[in-house]
Amino acid sequence: STTSSVNETEISHFSSLASTWWDPHGPSRPLHLMNPHRHDFIRSCLSSSPSSPSPPLSYLDVGCGGGIFAESASRLPTTHTVTGIDASPAILTVARSHAKRDPSLSQKLTYLNTPIESLVLPPVDIVTCFEVIEHVDYPSQFLSELVKFVKPGGWVVMSTIARTWASWVTTNLVAEDILGVVPRGTHDWNKYLHEYELREWFAKENAREGQKKWGEARVMGVVFVPGCGWKEVRGSEKIGNYFFGVQRL
């Protein structure tokens, strides 16, 4: 379908990396190093609003890949359930195989091979979408599907990359072409999204609904420092990688 969020070229690219997903020193190393910041940002979102849901929390991890975040969220004592979805059968085979190593996850963690448009699931407390939206062809429609799964009081939490000359240099030229820390073809600079574009999308949703259905966005910029990992840098959301969170009121 021309309106599907699934890009077969993108799926093929990431499926080719499936076997190395859990290698902390392999192509997915930046994702492993990013994971603690994902949890930090979610905690900051939840603590910022008195109407945030209380534990135990339910999660939907969209574009979960091999399960780096989904597994870690499942291990939290504050978590009730985690549903991870991905359009790549190859990657989900890796995710399920890795999760079986920890029997304690079986009651909390479920993986589904489905695009967001075909998902049938009750709304959850937290919908996460990390390093995904810059890989879909129709981000506006993708967001429209994503937000359907958020409970009132719950949060949508994403991470992506601003579309600037600096992000092209760091992600495409340096990370892919020069250092090779990310496989070539991973990023399409034209699909990057500014944080103000995401803010505008949720503002339009409020206008369309005729009421303030979504709260003020929270943003955290992060910068990758070779040899050190990701560091929070105030203001860097304007030029590169950032987290974006918004609460459904």
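Residues numbered from 1 in each chain as written. Predicted model: local features only at pLDDT ≥ 70, side-chain atom pairs only at ≥ 80, totals over all residues. Heavy atoms only, no water.

Per an unreviewed UniProt entry, the chain goes by the name S-adenosyl-L-methionine-dependent methyltransferase and belongs to Apiosordaria backusii.

Q: Whenever I open this one, the pairing of strand S5 (residues 150-161) confuses me. Can you help?
A: Regular strands place side chains that alternate from one sheet face to the opposite one. Counting buried positions along S5 yields ten of twelve residues, so the element is predominantly enclosed. Judged from the six bridges that link them, strand S4 (residues 124-130) and S5 form a sheet pairing that is parallel. Bridge pairing links Val124 to Val150 in S5. Regarding the hand of the β-α-β motif, the stretch spanning S4, helix H5 (residues 139-146) and S5 is right-handed. (Buried < 20%, exposed > 50% of the residue type's maximum accessible area, 1.4 Å probe, protein only. Helix = DSSP H or I, 4+ residues; strand = E, 2+ residues; numbered from the N terminus. Pairing = 2+ DSSP bridges. Right-handed = clockwise from strand over helix to strand, strands pointing away.)

Q: Can you walk me through the sheet that holds strand S6 (residues 218-225) in this structure?
A: Whenever strands of a sheet pair, they do so through backbone hydrogen bonds, lying parallel or antiparallel. Across the sheet, eight strands lie side by side as S3-S2-S1-S4-S5-S8-S6-S7; this open sheet has mixed pairing. Each having just a single partner strand, strand S3 (109-113) and strand S7 (229-232) make up the two edges of the open sheet. Sheet twist, expressed as the mean angle between neighbouring strand axes with direction ignored, is 20°. With six bridges joining them, strand S1 (residues 57-62) and strand S2 (residues 79-86) adopt parallel strand pairing. (Axes fitted to C-alpha atoms, helices over the stretch in contact; angles between N-to-C directions.)

Q: Got a minute to help me understand the pattern of salt bridges in this structure?
A: Opposite charge on two side chains makes pairing possible when the charged atoms of those side chains draw close. As enumerated under the stated definition, the model contains twelve salt bridges in all. Put simply, Arg38 and Glu131 hold a salt bridge, and the shortest N to O gap is 2.6 Å. Highlighted residues: Arg38 in helix H2 (residues 29-47) and Glu131 in the loop between S4 and H5, separated in sequence by 93 residues. Glu131 shares its class with Arg38; the two are buried. (Salt bridge = Lys/Arg side-chain N within 4 Å of Asp/Glu carboxyl O.)

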